[in-house]
Amino acid sequence: MQKLLVTGGAGFIGSNFVHHVVNTTELHITVLDKLTYAGNLASLNHLPAERFNFVHGDIGDAGLVDRLTASVDAVVHYAAESHNDNSLHDPRPFLDTNIIGTFTLIEAARKHGTRFHHISTDEVYGDLELDTPERFTETTPYNPSSPYSSTKAGSDLLVRAWVRSFGLQATISNCSNNYGPYQHVEKFIPRQITNVIDGIRPKLYGAGENVRDWIHANDHSSAVLRILDKGVIGETYLIGADGEKNNKDVVEQILTHMGRPADAYDHVTDRPGHDLRYAIDSGKLRRELGWTPKFSNFDAGIEDTIAWYRDNEEWWRPQKAETEAKYQVQGQ
Ligand code: NAD
Ligand code: TDX
(Lines give C-alpha, C1' and ligand atoms only; values in the text may rest on other atoms or scores of the structure.)
(Ligands and ions follow the chains in the order given, each with its own letter.)
Protein backbone atom coordinates (compact mmCIF):
# COMPACT_ATOMS: atom_id res chain seq x y z
CA MET A 1 0.00 0.00 0.00
CA GLN A 2 1.40 3.40 -1.00
CA LYS A 3 -1.36 5.94 -1.46
CA LEU A 4 -4.31 6.83 0.75
CA LEU A 5 -7.35 8.98 0.12
CA VAL A 6 -8.55 10.48 3.41
CA THR A 7 -12.01 12.08 3.30
CA GLY A 8 -12.76 14.78 5.88
CA GLY A 9 -9.03 15.21 6.50
CA ALA A 10 -9.44 18.90 7.38
CA GLY A 11 -11.71 18.04 10.33
CA PHE A 12 -10.77 17.27 13.92
CA ILE A 13 -10.07 13.53 13.79
CA GLY A 14 -9.24 13.27 10.08
CA SER A 15 -6.44 15.85 10.40
CA ASN A 16 -5.07 14.01 13.45
CA PHE A 17 -4.95 10.82 11.34
CA VAL A 18 -3.19 12.61 8.47
CA HIS A 19 -0.44 13.87 10.80
CA HIS A 20 -0.18 10.42 12.44
CA VAL A 21 0.24 8.67 9.07
CA VAL A 22 2.80 11.20 7.80
CA ASN A 23 4.78 10.88 11.06
CA THR A 24 4.73 7.08 11.35
CA THR A 25 4.63 5.65 7.78
CA GLU A 26 5.91 6.28 4.25
CA LEU A 27 2.40 6.54 2.80
CA HIS A 28 1.27 9.40 0.54
CA ILE A 29 -2.04 11.05 1.44
CA THR A 30 -4.62 12.88 -0.64
CA VAL A 31 -7.21 14.67 1.47
CA LEU A 32 -10.68 15.24 -0.01
CA ASP A 33 -12.61 17.78 2.04
CA LYS A 34 -15.49 20.16 1.33
CA LEU A 35 -14.28 22.65 3.97
CA THR A 36 -17.68 23.05 5.61
CA TYR A 37 -17.89 25.21 8.75
CA ALA A 38 -16.11 22.27 10.49
CA GLY A 39 -13.16 21.98 8.10
CA ASN A 40 -10.02 24.04 8.66
CA LEU A 41 -6.99 23.97 6.36
CA ALA A 42 -4.86 25.34 9.21
CA SER A 43 -5.18 21.90 10.85
CA LEU A 44 -3.07 20.54 7.97
CA ASN A 45 -0.20 23.05 8.21
CA HIS A 46 3.42 21.89 8.14
CA LEU A 47 2.90 18.71 6.11
CA PRO A 48 5.66 17.85 3.60
CA ALA A 49 4.46 18.68 0.05
CA GLU A 50 5.88 15.44 -1.38
CA ARG A 51 3.77 13.34 1.02
CA PHE A 52 0.47 15.20 0.90
CA ASN A 53 -1.99 17.00 -1.37
CA PHE A 54 -5.34 18.60 -0.74
CA VAL A 55 -8.44 18.42 -2.97
CA HIS A 56 -11.33 20.75 -2.21
CA GLY A 57 -14.55 18.89 -3.00
CA ASP A 58 -17.66 17.02 -1.92
CA ILE A 59 -17.75 13.26 -1.25
CA GLY A 60 -21.13 13.32 -3.03
CA ASP A 61 -19.46 14.39 -6.31
CA ALA A 62 -19.41 11.01 -8.08
CA GLY A 63 -17.06 12.03 -10.92
CA LEU A 64 -14.46 13.53 -8.58
CA VAL A 65 -14.73 10.63 -6.13
CA ASP A 66 -14.33 8.12 -8.96
CA ARG A 67 -11.16 9.82 -10.29
CA LEU A 68 -9.58 10.11 -6.85
CA THR A 69 -10.46 6.56 -5.80
CA ALA A 70 -8.95 5.18 -9.01
CA SER A 71 -5.58 6.71 -8.11
CA VAL A 72 -5.14 5.31 -4.56
CA ASP A 73 -4.69 1.97 -2.79
CA ALA A 74 -7.09 2.66 0.07
CA VAL A 75 -9.78 5.12 1.17
CA VAL A 76 -10.16 6.10 4.82
CA HIS A 77 -13.54 7.77 5.18
CA TYR A 78 -13.85 10.37 7.96
CA ALA A 79 -15.96 13.03 6.20
CA ALA A 80 -19.30 13.58 7.91
CA GLU A 81 -21.65 16.08 9.41
CA SER A 82 -20.65 15.26 12.99
CA HIS A 83 -22.57 17.37 15.52
CA ASN A 84 -25.70 16.00 17.20
CA ASP A 85 -27.08 19.44 18.11
CA ASN A 86 -26.88 20.61 14.47
CA SER A 87 -28.64 17.43 13.33
CA LEU A 88 -31.58 18.26 15.59
CA HIS A 89 -32.06 21.67 13.98
CA ASP A 90 -31.14 20.97 10.33
CA PRO A 91 -30.95 17.24 9.53
CA ARG A 92 -30.78 17.46 5.71
CA PRO A 93 -26.97 17.90 5.34
CA PHE A 94 -26.55 14.79 7.53
CA LEU A 95 -28.47 12.67 5.03
CA ASP A 96 -26.63 14.19 2.07
CA THR A 97 -23.12 13.73 3.42
CA ASN A 98 -23.36 10.77 5.80
CA ILE A 99 -25.67 8.60 3.67
CA ILE A 100 -25.36 9.71 0.03
CA GLY A 101 -21.70 10.72 0.44
CA THR A 102 -20.82 7.29 1.86
CA PHE A 103 -22.83 5.59 -0.90
CA THR A 104 -20.89 7.59 -3.53
CA LEU A 105 -17.55 6.53 -2.02
CA ILE A 106 -18.34 2.82 -1.72
CA GLU A 107 -19.64 2.70 -5.27
CA ALA A 108 -16.26 4.04 -6.44
CA ALA A 109 -14.33 1.68 -4.14
CA ARG A 110 -16.32 -1.29 -5.43
CA LYS A 111 -15.73 -0.31 -9.08
CA HIS A 112 -11.97 0.03 -8.60
CA GLY A 113 -11.54 -2.82 -6.05
CA THR A 114 -10.12 -0.30 -3.57
CA ARG A 115 -9.59 -1.12 0.12
CA PHE A 116 -12.04 0.95 2.18
CA HIS A 117 -12.11 1.83 5.87
CA HIS A 118 -15.27 3.42 7.24
CA ILE A 119 -15.04 5.60 10.35
CA SER A 120 -18.08 5.46 12.58
CA THR A 121 -19.27 6.08 16.10
CA ASP A 122 -20.48 4.20 19.18
CA GLU A 123 -23.67 6.29 18.98
CA VAL A 124 -25.08 3.84 16.42
CA TYR A 125 -25.79 1.50 19.37
CA GLY A 126 -28.02 4.00 21.21
CA ASP A 127 -27.33 4.45 24.91
CA LEU A 128 -26.84 2.46 28.12
CA GLU A 129 -28.22 2.87 31.63
CA LEU A 130 -26.05 4.67 34.19
CA ASP A 131 -24.16 2.60 36.75
CA THR A 132 -24.32 -0.76 34.98
CA PRO A 133 -21.29 -2.83 33.92
CA GLU A 134 -22.80 -3.13 30.42
CA ARG A 135 -20.69 -1.87 27.48
CA PHE A 136 -21.15 -1.83 23.70
CA THR A 137 -19.55 -4.68 21.72
CA GLU A 138 -19.42 -5.47 18.00
CA THR A 139 -22.63 -7.51 18.38
CA THR A 140 -24.75 -4.90 20.20
CA PRO A 141 -27.90 -4.24 18.13
CA TYR A 142 -28.12 -0.90 16.32
CA ASN A 143 -30.49 1.54 18.05
CA PRO A 144 -29.53 5.13 17.14
CA SER A 145 -31.31 8.08 18.81
CA SER A 146 -30.54 11.26 16.85
CA PRO A 147 -30.62 12.31 13.20
CA TYR A 148 -26.79 12.30 13.34
CA SER A 149 -26.43 8.82 14.79
CA SER A 150 -29.17 7.38 12.57
CA THR A 151 -27.36 8.61 9.45
CA LYS A 152 -24.08 7.15 10.76
CA ALA A 153 -25.91 3.85 11.42
CA GLY A 154 -27.33 3.98 7.88
CA SER A 155 -23.86 4.52 6.44
CA ASP A 156 -22.47 1.55 8.44
CA LEU A 157 -25.26 -0.67 7.11
CA LEU A 158 -24.53 0.41 3.53
CA VAL A 159 -20.87 -0.56 3.97
CA ARG A 160 -21.86 -3.93 5.47
CA ALA A 161 -24.27 -4.60 2.60
CA TRP A 162 -21.62 -3.65 -0.01
CA VAL A 163 -19.20 -6.12 1.64
CA ARG A 164 -21.75 -8.92 1.57
CA SER A 165 -23.37 -8.27 -1.81
CA PHE A 166 -20.46 -6.90 -3.84
CA GLY A 167 -17.35 -8.11 -2.02
CA LEU A 168 -16.30 -4.55 -1.05
CA GLN A 169 -12.88 -4.79 0.63
CA ALA A 170 -14.00 -2.88 3.70
CA THR A 171 -13.57 -2.67 7.46
CA ILE A 172 -15.57 -0.50 9.88
CA SER A 173 -14.60 1.06 13.22
CA ASN A 174 -16.95 2.56 15.79
CA CYS A 175 -15.17 4.84 18.24
CA SER A 176 -16.21 6.59 21.45
CA ASN A 177 -16.00 10.37 22.13
CA ASN A 178 -12.71 11.91 21.01
CA TYR A 179 -10.97 14.89 22.58
CA GLY A 180 -7.71 16.75 21.98
CA PRO A 181 -6.38 19.74 19.99
CA TYR A 182 -8.06 21.01 16.78
CA GLN A 183 -11.62 20.06 17.87
CA HIS A 184 -14.31 22.53 16.78
CA VAL A 185 -15.54 24.84 19.57
CA GLU A 186 -19.11 23.57 19.11
CA LYS A 187 -18.13 20.31 20.85
CA PHE A 188 -18.40 19.86 24.63
CA ILE A 189 -14.79 20.01 25.85
CA PRO A 190 -13.44 22.81 23.58
CA ARG A 191 -16.66 24.79 24.09
CA GLN A 192 -16.16 24.83 27.86
CA ILE A 193 -12.39 25.54 27.69
CA THR A 194 -12.88 28.48 25.31
CA ASN A 195 -15.86 29.73 27.35
CA VAL A 196 -13.65 29.87 30.45
CA ILE A 197 -10.92 31.67 28.45
CA ASP A 198 -13.61 34.20 27.42
CA GLY A 199 -14.95 34.60 30.97
CA ILE A 200 -18.22 32.77 30.12
CA ARG A 201 -19.51 30.11 32.53
CA PRO A 202 -19.47 26.53 31.10
CA LYS A 203 -22.87 25.16 30.05
CA LEU A 204 -24.04 21.73 31.17
CA TYR A 205 -27.02 20.18 29.42
CA GLY A 206 -29.64 19.06 31.94
CA ALA A 207 -28.29 17.62 35.20
CA GLY A 208 -24.88 16.81 33.67
CA GLU A 209 -25.15 13.14 34.60
CA ASN A 210 -24.74 11.85 31.04
CA VAL A 211 -21.63 9.70 30.63
CA ARG A 212 -19.26 9.73 27.67
CA ASP A 213 -16.33 7.32 27.15
CA TRP A 214 -13.43 9.65 26.29
CA ILE A 215 -10.50 8.73 24.08
CA HIS A 216 -7.65 10.98 22.93
CA ALA A 217 -7.76 11.55 19.14
CA ASN A 218 -4.14 10.28 18.93
CA ASP A 219 -5.29 6.87 20.17
CA HIS A 220 -8.16 6.83 17.66
CA SER A 221 -5.65 7.46 14.85
CA SER A 222 -3.28 4.68 15.91
CA ALA A 223 -6.23 2.27 16.12
CA VAL A 224 -7.45 3.16 12.61
CA LEU A 225 -3.98 2.70 11.14
CA ARG A 226 -3.73 -0.70 12.85
CA ILE A 227 -7.10 -1.77 11.39
CA LEU A 228 -6.07 -0.56 7.93
CA ASP A 229 -2.88 -2.60 8.23
CA LYS A 230 -4.08 -5.76 9.99
CA GLY A 231 -7.90 -5.67 10.09
CA VAL A 232 -9.87 -8.55 8.57
CA ILE A 233 -12.06 -7.58 5.59
CA GLY A 234 -15.74 -7.46 6.51
CA GLU A 235 -15.04 -7.01 10.23
CA THR A 236 -16.13 -4.24 12.59
CA TYR A 237 -13.84 -3.09 15.42
CA LEU A 238 -14.89 -0.97 18.41
CA ILE A 239 -12.31 1.62 19.51
CA GLY A 240 -12.24 2.88 23.09
CA ALA A 241 -9.85 3.58 25.96
CA ASP A 242 -11.90 2.91 29.12
CA GLY A 243 -12.46 6.63 29.66
CA GLU A 244 -15.98 6.86 31.11
CA LYS A 245 -16.77 10.18 32.84
CA ASN A 246 -19.95 12.11 33.46
CA ASN A 247 -20.22 15.60 31.97
CA LYS A 248 -20.37 17.31 35.37
CA ASP A 249 -17.05 15.75 36.41
CA VAL A 250 -15.43 16.85 33.14
CA VAL A 251 -16.60 20.46 33.53
CA GLU A 252 -15.37 20.51 37.15
CA GLN A 253 -12.00 19.14 36.03
CA ILE A 254 -11.68 21.84 33.33
CA LEU A 255 -12.63 24.63 35.77
CA THR A 256 -10.17 23.39 38.39
CA HIS A 257 -7.32 23.15 35.87
CA MET A 258 -8.13 26.68 34.70
CA GLY A 259 -7.99 28.11 38.22
CA ARG A 260 -11.75 28.68 38.65
CA PRO A 261 -14.11 27.38 41.37
CA ALA A 262 -15.26 23.87 40.44
CA ASP A 263 -18.94 24.89 40.63
CA ALA A 264 -18.69 27.99 38.38
CA TYR A 265 -20.91 26.53 35.63
CA ASP A 266 -24.59 26.80 34.58
CA HIS A 267 -27.18 24.14 33.85
CA VAL A 268 -28.95 24.84 30.53
CA THR A 269 -31.77 23.28 28.46
CA ASP A 270 -31.13 19.59 27.89
CA ARG A 271 -30.56 18.13 24.40
CA PRO A 272 -33.78 16.48 23.10
CA GLY A 273 -33.36 12.69 23.10
CA HIS A 274 -30.01 13.09 24.94
CA ASP A 275 -28.24 9.71 25.10
CA LEU A 276 -27.54 8.81 28.71
CA ARG A 277 -24.36 6.78 28.63
CA TYR A 278 -21.88 5.39 26.11
CA ALA A 279 -19.25 2.77 27.01
CA ILE A 280 -17.04 0.74 24.69
CA ASP A 281 -15.59 -2.74 25.12
CA SER A 282 -12.56 -2.60 22.81
CA GLY A 283 -11.43 -6.14 23.70
CA LYS A 284 -11.65 -7.45 20.12
CA LEU A 285 -9.31 -4.77 18.73
CA ARG A 286 -6.84 -5.30 21.59
CA ARG A 287 -6.89 -9.12 21.43
CA GLU A 288 -7.03 -9.68 17.69
CA LEU A 289 -4.94 -6.75 16.40
CA GLY A 290 -2.74 -6.10 19.46
CA TRP A 291 -3.71 -2.41 19.77
CA THR A 292 -3.43 -0.51 23.08
CA PRO A 293 -4.15 3.16 23.82
CA LYS A 294 -1.15 5.28 24.83
CA PHE A 295 -2.89 8.51 25.93
CA SER A 296 -5.33 7.14 28.50
CA ASN A 297 -4.41 9.57 31.32
CA PHE A 298 -7.48 11.80 30.90
CA ASP A 299 -6.37 14.39 33.44
CA ALA A 300 -3.03 14.92 31.66
CA GLY A 301 -4.82 14.94 28.30
CA ILE A 302 -7.25 17.64 29.48
CA GLU A 303 -4.37 19.77 30.80
CA ASP A 304 -2.57 19.51 27.43
CA THR A 305 -5.80 20.29 25.57
CA ILE A 306 -6.43 23.39 27.73
CA ALA A 307 -2.84 24.54 27.04
CA TRP A 308 -3.37 24.01 23.29
CA TYR A 309 -6.53 26.16 23.21
CA ARG A 310 -4.78 28.87 25.26
CA ASP A 311 -1.82 28.84 22.82
CA ASN A 312 -3.79 28.57 19.57
CA GLU A 313 -6.50 31.18 19.85
CA GLU A 314 -6.03 32.18 16.18
CA TRP A 315 -7.17 28.67 15.19
CA TRP A 316 -10.52 28.73 17.07
CA ARG A 317 -11.37 32.42 17.52
CA PRO A 318 -12.99 32.88 14.06
CA GLN A 319 -15.66 30.25 14.91
CA LYS A 320 -16.39 31.16 18.51
CA ALA A 321 -18.90 34.04 18.35
CA GLU A 322 -21.04 32.41 15.65
CA THR A 323 -21.08 29.09 17.52
CA GLU A 324 -22.15 30.68 20.81
CA ALA A 325 -24.81 32.79 19.05
CA LYS A 326 -26.33 29.58 17.66
CA TYR A 327 -26.36 27.97 21.12
CA GLN A 328 -27.94 31.08 22.62
CA VAL A 329 -30.91 30.86 20.24
CA GLN A 330 -31.39 27.25 21.37
CA GLY A 331 -31.30 28.23 25.07
CA GLN A 332 -28.03 26.35 25.48
P1 NAD B 1 -15.54 17.23 12.08
O2 NAD B 1 -16.91 17.81 11.99
O3 NAD B 1 -14.51 17.91 12.92
O4 NAD B 1 -14.91 17.12 10.61
C5 NAD B 1 -15.65 16.67 9.50
C6 NAD B 1 -14.86 17.01 8.24
O7 NAD B 1 -15.58 16.51 7.11
C8 NAD B 1 -14.69 18.52 8.01
O9 NAD B 1 -13.36 18.81 7.61
C10 NAD B 1 -15.68 18.83 6.89
O11 NAD B 1 -15.28 19.93 6.08
C12 NAD B 1 -15.65 17.52 6.11
N13 NAD B 1 -16.88 17.31 5.33
C14 NAD B 1 -18.17 17.43 5.77
N15 NAD B 1 -19.02 17.17 4.75
C16 NAD B 1 -18.26 16.86 3.67
C17 NAD B 1 -18.58 16.48 2.34
N18 NAD B 1 -19.84 16.39 1.91
N19 NAD B 1 -17.55 16.22 1.49
C20 NAD B 1 -16.26 16.32 1.91
N21 NAD B 1 -15.92 16.68 3.16
C22 NAD B 1 -16.90 16.94 4.03
O23 NAD B 1 -15.75 15.74 12.51
P24 NAD B 1 -14.84 14.79 13.44
O25 NAD B 1 -15.23 14.98 14.84
O26 NAD B 1 -13.42 14.94 13.02
O27 NAD B 1 -15.39 13.36 12.98
C28 NAD B 1 -14.80 12.68 11.88
C29 NAD B 1 -15.45 11.32 11.73
O30 NAD B 1 -15.30 10.58 12.93
C31 NAD B 1 -16.96 11.37 11.46
O32 NAD B 1 -17.28 10.35 10.54
C33 NAD B 1 -17.58 11.08 12.82
O34 NAD B 1 -18.85 10.47 12.68
C35 NAD B 1 -16.57 10.11 13.40
N36 NAD B 1 -16.50 10.04 14.86
C37 NAD B 1 -16.31 11.19 15.58
C38 NAD B 1 -16.18 11.11 16.97
C39 NAD B 1 -15.94 12.33 17.83
O40 NAD B 1 -15.89 12.23 19.05
N41 NAD B 1 -15.74 13.52 17.25
C42 NAD B 1 -16.26 9.86 17.61
C43 NAD B 1 -16.48 8.71 16.82
C44 NAD B 1 -16.57 8.82 15.45
O1 TDX C 1 -22.29 22.73 25.78
C2 TDX C 1 -22.47 21.51 25.92
N3 TDX C 1 -22.88 21.03 27.13
C4 TDX C 1 -23.08 19.71 27.36
O5 TDX C 1 -23.46 19.33 28.48
C6 TDX C 1 -22.26 20.57 24.84
C7 TDX C 1 -21.82 21.07 23.48
C8 TDX C 1 -22.46 19.24 25.10
N9 TDX C 1 -22.87 18.81 26.31
C10 TDX C 1 -23.01 17.37 26.57
C11 TDX C 1 -23.77 16.56 25.54
C12 TDX C 1 -23.08 15.21 25.62
O13 TDX C 1 -23.61 14.46 26.71
O14 TDX C 1 -21.67 16.86 26.53
C15 TDX C 1 -21.63 15.54 25.95
C16 TDX C 1 -20.72 15.57 24.73
O17 TDX C 1 -21.36 16.37 23.73
P18 TDX C 1 -20.76 16.55 22.25
O19 TDX C 1 -19.37 17.08 22.34
O20 TDX C 1 -21.75 17.29 21.45
O21 TDX C 1 -20.60 15.03 21.79
P22 TDX C 1 -21.65 13.81 21.58
O23 TDX C 1 -23.01 14.29 21.29
O24 TDX C 1 -21.44 12.84 22.71
O25 TDX C 1 -21.05 13.19 20.21
C26 TDX C 1 -19.62 13.11 19.99
O27 TDX C 1 -19.14 11.81 20.18
C28 TDX C 1 -19.54 10.83 19.25
C29 TDX C 1 -19.26 13.59 18.59
O30 TDX C 1 -19.74 14.92 18.39
C31 TDX C 1 -19.82 12.66 17.55
O32 TDX C 1 -19.39 13.06 16.25
C33 TDX C 1 -19.32 11.27 17.81
O34 TDX C 1 -19.94 10.37 16.94
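Calculation criteria
Residues numbered from 1 in each chain as written. Chains lettered and ligands numbered in written order. Predicted model: local features only at pLDDT ≥ 70, side-chain atom pairs only at ≥ 80, totals over all residues. Heavy atoms only, no water. Phe/Tyr/Trp six-rings, centres within 6.5 Å; stacked < 30°, edge-to-face > 60°. Helix = DSSP H or I, 4+ residues; strand = E, 2+ residues; numbered from the N terminus. Buried < 20%, exposed > 50% of the residue type's maximum accessible area, 1.4 Å probe, protein only. Domains from an automatic or database assignment. Contact = heavy atoms within 4.5 Å. Buried area = accessible area lost by both parts, 1.4 Å probe. Salt bridge = Lys/Arg side-chain N within 4 Å of Asp/Glu carboxyl O. Polar contact = N/O pair within 3.5 Å; in protein donor to acceptor, adjacent residues only side chain to side chain. Nonpolar A, V, L, I, M, F, W, Y, C, P; charged D, E, K, R; others polar.

## Some details on the packing of aromatic side chains
Applying the stated criterion across every chain, the model contains 15 aromatic pairs. Note on phenylalanine 17 and tyrosine 78: the rings are 5.4 Å apart at their centroids and 45° apart in plane angle, and the pair reads as tilted. With phenylalanine 17 in helix H1 (residues 12–24) and tyrosine 78 in the loop between strand E4 (74–77) and helix H3 (84–89), this pair connects stretches of sequence that are 61 residues apart. Judged by its relative accessible area of 0%, phenylalanine 17 is buried. Relative accessible area serves as the criterion here: at 9%, tyrosine 78 is assigned to the buried category. Members of the aromatic cluster, connected to one another through ring pairs, are Tyr125, Phe136, Tyr142 and Tyr278.

## Let's talk about the domain arrangement of the protein chain
Domain boundaries in the protein chain define domain 1 (3–179 + 215–239) and domain 2 (188–211 + 243–274 + 298–325). Taking only C-alpha atoms, the centre of domain 1 and the centre of domain 2 are 26 Å apart. Listed per partner, the contact involves 12 residues of domain 1 and 14 residues of domain 2. Both faces considered, domain 1 and domain 2 share a buried interface measuring about 970 Å² in area, 54% of it formed by carbon and sulfur atoms. Among the residues of domain 1 in contact with domain 2, Asp85, Leu130 and Tyr179 are the three that bury the most area, contributing 49% of the side total. Viewed at the interface, domain 2 and domain 1 are joined by one salt bridge. When the shortest N-O distance is used, the salt bridge between arginine 271 and aspartate 85 registers 2.7 Å. In this structure, the connection of domain 1 to domain 2 is made through three residue pairs in polar contact (both at pLDDT 80 or more). Top element by residues in the side of domain 1 that touches domain 2 is H3. It accounts for three residues. Looking at the side of domain 1 that touches domain 2 residue by residue, the classes come out as five nonpolar, five polar and two charged.

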